[in-house]
Structure formats: C-alpha cells, structure tokens
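Listed here are the chains, written in short residue letters.
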Amino acid sequence: MEIIRTKVKDLLTTEAGAEVLAKGWVRTKRGNKEIAFIALNDGSTIKNIQIVVDKTPETEAVLSRISTGSCIGVRGRLVESVGSGQAVEIRASEISVFGECDPVRYPLQKKDTSFEYLRTVAHLRPRTNTFGAVLRLRSQMAFAIHEYFHSKGFVYLHTPLITAADAEGAGQMFQVTTLDLEKLPKNKKGTTDYSKDFFGKQTSLTVSGQLEGELGATALGEIYTFGPTFRAENSNTPRHLAEFWMIEPEMAFYDITDNMDLAEDFIKHLVRYALENCREDIQFLNDRYDNELIERLEGVVGTEFVRLEYTEGIRILQEAAASGVSFEYPVYWGADLQSEHERYLVEKHFGKPVILTGYPKDIKAFYMKQNEDGKTVRAMDVLFPKIGEIIGGSEREADLGKLEARIDELGMSRRNLEWYIDTRRFGSCPHSGFGLGFERLLLFVTGMQNIRDVIPFPRTPKNAEF
Ligand code: 4AD
Ligand code: MG
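(A) Structural view of the site of ligand 1. Around ligand 1, the structure places 24 residues, and the nearest of them are Glu 168, Gln 210, Glu 233, Glu 248 and Glu 389. The separation between a nitrogen atom of ligand 1 and a polar side-chain atom of Glu 233 is 2.8 Å. For ligand 1, whose unbound accessible area comes to 630 Å², protein coverage reaches 94%. At a threshold of 2 Å from the grid points, most atoms of ligand 1 map onto the largest pocket. Take the shell around ligand 1: its biggest share by element is five residues, from strand β15 (residues 388-395). Considered class by class, the residues forming the shell around ligand 1 number eight nonpolar, eight polar and eight charged.

(B) Representation of the packing of aromatic side chains in the model. On inspection of all chains with the given rule, the structure shows 21 aromatic pairs. Plain terms: the ring middles of Tyr 148 and Phe 266 are 5.1 Å apart, the flat faces sit at 45 degrees to each other, and that makes the pair tilted. With Tyr 148 in helix α4 (residues 129-151) and Phe 266 in helix α6 (residues 256-277), the pair connects residues that are 118 residues apart, well separated along the chain. Residue Tyr 148 shares its accessibility class with Phe 266, and that shared class is buried. On the basis of an interplanar angle of 75 degrees and a centroid distance of 4.7 Å, the ring pair of Phe 384 and Phe 444 is categorised as edge-to-face. Of the two residues, Phe 384 is situated in strand β14 (residues 376-384) and Phe 444 in helix α13 (residues 438-446); the sequence distance between them amounts to 60 residues.

(C) Region of interest: the side chain of Thr 423. With respect to the helices, strands and loops of the structure, Thr 423 is situated in helix α12 (residues 418-425). In this structure the side chain of Thr 423 is engaged in a polar contact, spanning 2.5 Å, whose partner is the backbone oxygen of Tyr 420. Separated by 2.9 Å, the side chains of Thr 423 and Arg 424 make a polar contact.

(D) Representation of the layout of surface pockets within the structure. Counted as a void, the largest pocket has a volume near 1400 Å³. What lines the largest pocket is a set of 50 residues, among which Arg 231, Glu 233, His 240, Asp 336 and Glu 389 lie closest to the centre. Along the wall of the second largest pocket there are 31 residues; nearest its centre are Arg 27, Leu 108, Arg 127, Thr 128 and Asn 129. Looking at the lining of the second largest pocket, the elements that each hand over two or more residues are β1 (19-31), α3 (115-120) and α4. For the lining of the second largest pocket, the element with the most residues is α4, which contributes six residues. Among the residues forming the lining of the second largest pocket, the class breakdown is twelve nonpolar, 13 polar and six charged.

About the thresholds
Residues numbered from 1 in each chain as written. Chains lettered and ligands numbered in written order. Predicted model: local features only at pLDDT ≥ 70, side-chain atom pairs only at ≥ 80, totals over all residues. Heavy atoms only, no water. Near = heavy atom within 4 Å. Polar contact = N/O pair within 3.5 Å; in protein donor to acceptor, adjacent residues only side chain to side chain. Areas by Shrake-Rupley, 256 points an atom, 1.4 Å probe, with all protein chains shown as cover. 1 Å grid on protein atoms, 1.4 Å probe; cavity = no way out; pocket = protein on both sides within 12 Å on 5 of 7 lines; lining within 4 Å. Sits in = over half its atoms within 2 Å of the grid points. Helix = DSSP H or I, 4+ residues; strand = E, 2+ residues; numbered from the N terminus. Nonpolar A, V, L, I, M, F, W, Y, C, P; charged D, E, K, R; others polar. Phe/Tyr/Trp six-rings, centres within 6.5 Å; stacked < 30°, edge-to-face > 60°. Buried < 20%, exposed > 50% of the residue type's maximum accessible area, 1.4 Å probe, protein only. Points joined across faces, edges and corners; volume = space filled by probe spheres on them.

Everything listed here is a matter of coordinates, which is why it stays silent on function.
Set out below in structure tokens:
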C-alpha cells in the first residue's frame, strides 16, 4: 500500500499504532549489537523522531550507509516509546537512503559548533537545532506581522528597492549602475554622465520605503511595507547588517501619540504571538543559551512602556555619569544616543522598554515634524532591553513651507524629491509612521546575541558569501 509522508511534528502527536512514512536528515545514529537508534529531523519541529531498527544482515547493510547528515526515508509502525523523552517512535520496516553524507567531510560533524564557525558554513547551519529554531521563529514572526496589519485594515504596499532618493539623508547607499566602471562616460564638467546609466540618473538600493510609504498613506489611509533595506554603513556591530528587513507602517491622521500607541501595541502583539505559537523553539533557546529569555519576553508583554522626552533622558544619563557610571561616549544635549546609553535607560534606570521622543532636529531626518521650540522634532525611538533601538519613527512634517525650508537647510537636492513634496502641496494631512528592524525584533525574541545569527545569509562589511 502506498502511504504518504507525515511530518515529524505531526508524527509526535499521532497515536501509536499507525503505519507511517517519515523523511528527513539524520541527527545521530547509535545502538548496540541487536538494535540501532536513529534520531531523525525534518525541520518541521525542533524535536526528532526516534527510529528503531532491528539489526539483521539486510538492515546492517543499509545502516552502514547512514551517518549524521544523511537523508533517509523510513517506513514502519508508530509505537509507544519505552525510552524517556518522546511518546512515540518508529519501528522501521523499510529504510531508503536518499543521500549519504561523508562523515569525514560533513562540516557539521566538527566539534566546533561556535556561532563564529557556523557563520562560515551558513549554507548548512539551518540543519542545526539552533538555526532551525531561529528560522522557524523568523517565519512565524513574518506571518504575525502581516496578520496584525491585515486585521487592522492596513494595505500592504510594495515600495521600490531601487531609488534615486536618500530617505534618511545619511548618504549610506549602495549605488546601482550598469555603467562600465573601467570606462565611465563623462559630461562637460568632467564628472560621470549618469544620463548614460540604466535609469538615466544616479540610483541606489533603498535605505527605507518610507517616502513612497507616505504616498500610499496619503491615499489609502493606512499602509505598511515589509521588505529588504540596504545600508552601506561600515558598522561592524552585533546589531547592524548591510541588508536587513524592515516593517514600515505609515498612517494618515495619526499624531505622535497615536504612533507611539500603535508601535507599543504592535510589538507587544508580536512578542505575545511568539510566546503562544513558537513555544518549543523559544523554550529550547531559553534552556540552551539564555535562561532569562522567556521572563524577558513576558516582561515586555505585561508592562507599560515608559514615554520619555530626550531632554529628560539626557538629564538621567548625565546624573548617572556624575554618580560614577562610565560611558564610552560623552552625554550632552544634542548628542546622538549610543546603544550603551539606550541600554542604560532601559535596563538599569527604568527596567522596561522606553519610547524616547522630542529629539534634537539636527540628529534626525529631514521629514520629521518640527516642534514649536525650533530645536526638537516629533521623533520617537523605541528602546529595548539587550537591543537598544528597535523602532525609529516620527510624526511627519505636513507643512509645505517648513518641509522645503528643512530640505534646503540640510543642503539636500529638492529635484529628486518633488514627487514627495507633492504630498504636502496637494491635500497635505497630518500623518505618522515608524520602522521596525525585523532582525532587531528577532534578536529580542530569540535571545541571540549577534544579528548575523537571525538572518539566513547575513550581508555585512567584507561578507557576501552564499
Ligand atoms: O531608525 P531608522 O533609520 O528609521 C527609518 O529608516 C525610518 N524611515 C523608519 C520610518 O519612520 N518609516 O531605521 C528603523 C529601524 C531601526 O530602529 C532599527 O531597528 C533598524 O531599522 N535598522 C537596522 N537593522 C539592522 N541593521 C541596520 N544597519 C539597521 N539600521 C536600522
Ligand atoms: Mg533610527
């Protein structure tokens, strides 16, 4: 009789008795003279299913081809397990080997399982327990994000990855060109003639979908984007990637308070979703690496975030410095906060997430709504334990004159932004939005220490392998 494959996740909750077929990769093989035990994993769950094989001359021949990493199919009866650790196991009646795995050359065979080593074999690390857990969590979180906004009636807007505008104005863009770098066409001034380039102008990979997101929000009301984002910042830190994913909701008629309320509700929803739907993987990460993980996640869900003015934050940090706390970077009004400062506020001073608002305009992007004091803007950064900044956002400057003045003041070119400025020319409206760094969220939810370990194939300075 033909039987269809059952995933390990489902086998583990199936009652004993059935004839089943499992397929997957061998985690371990052990045994004695009479019997062999194989731990089989197919990625559907952190857990393995145990395969029990009676040794006969025929099965010994098959077993000799099986080692850690091999891919096999096992047909047999699901029986109650005598050993502890699992309810059921498979008594194998037939084993087929899809792919053998050279035990000497298989990179995951090595004793060295440090995260640094695993990054060098990122093409195979999804087969480890840890990366299986992280990648399943990543997928679940992506789904939860779409579900959250969908349930609120937000429109999922696809913003371009190739753009001529530097949304954040930080000049950290990867240029996109088809020009021959060895023979650049020149214009009369002797500089590169971009009219000869593929798009007829200088273009780059986007640092944010926000500007186009605002076009969507001022037509559809509430939108969100969720896509890859690129930053050529030379920051070799455990929290920066050159290619990361960002979720950017943008809402017409939201002021800064509405924006903060949404950000807090959104992130709590995601953490709650992870706790409720990814329990086994989180439990594994908690037990293996970070036994305060679950406590930290529950803490965030159950607490009200602190809302604090930047100026007040600086005062707290200065008092801390005066009373002996040592910071690497200086604290003064006007300074951009470093992650050590953000983490001091969150972890030491308040013991919970903080939403910091009212930043000096000089350290924030051109599009933020200017406050009456002429010095600060309606920015909001959400700061998290262990992470620092997880969300950055603001109410947007809706006034045409003020926006144009700020663009000029910063010496930015209006020419590439006319389409954006049109939102303020034609039916301008108050609106707000924010960006959540997807990998920063995953750092928090998984408890992993390095952002390179929460994305399948990290891109960082000097590294674009795989
Ligand atoms: O604070 P940022 O730069 O804000 C924006 O891009 C706005 N346009 C968002 C908006 O208002 N629509 O980036 C937003 C978030 C940060 O808080 C951080 O979580 C993440 O994106 N992020 C990075 N994550 C990984 N690697 C990097 N290099 C990141 N840069 C920012
Ligand atoms: Mg930011």
